[in-house]
Amino acid sequence: MSSELVDTPNLARSYCPGCDPERDPLREILTVCWCDEHRPTCEGAEDARASVDRIALSSAGEANAETNRPWCAWVHRRTQR
């Protein structure tokens, strides 16, 4: 007994957008397979500029007073009418 999935041929063609920019995914069934030369990186241009405050990323169950104080003041602020 064979399943429909096994019996169905794969109609998509593999292509690398860097090597074959003229191929049109609207006219063909294509599967993107990046070559080693054109493989996109996971790092963005702005990643080096981003900073993460390690104090705020504490896994402790309690809030850290230094990082929680501004949020507490904002949440519990009195609104002026």
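For the structure, check the block above.
Residues numbered from 1 in each chain as written. Predicted model: local features only at pLDDT ≥ 70, side-chain atom pairs only at ≥ 80, totals over all residues. Heavy atoms only, no water.

Engineer: Outline the packing of aromatic side chains, listing residues and values.
Structural biologist: Tallying each qualifying case throughout the model produces 0 aromatic pairs. Taking the ring centre of Trp74 as reference, the NZ or CZ of Arg77 above it sits at 4.6 Å. (Phe/Tyr/Trp six-rings, centres within 6.5 Å; stacked < 30°, edge-to-face > 60°. Lys NZ or Arg CZ within 6 Å of the ring centre and 35° of its normal.)

Engineer: Outline the pattern of salt bridges, supporting the account with residue identities and numerical values.
Structural biologist: Under the counting rule described, the total for this entry stands at 4 salt bridges. The partner of Asp24 in a salt bridge is Arg27, with the nearest N and O atoms 3.5 Å apart. Residue class for Asp24 comes out partly exposed when judged on its relative accessible area of 27%. The exposed category is assigned to Arg27, whose relative accessible area is 74%. In this structure, the salt-bridge partner of Asp36 is Arg39, at a minimum N-O distance of 2.9 Å. Take Asp36: its relative accessible area is 68%, and that puts it in the exposed class. Judged by relative accessible area, Arg39 falls into the partly exposed class, the value being 47%. A single network of salt bridges, built from pairs that share partners, joins Asp20, Arg23 and Glu28. (Salt bridge = Lys/Arg side-chain N within 4 Å of Asp/Glu carboxyl O. Buried < 20%, exposed > 50% of the residue type's maximum accessible area, 1.4 Å probe, protein only.)

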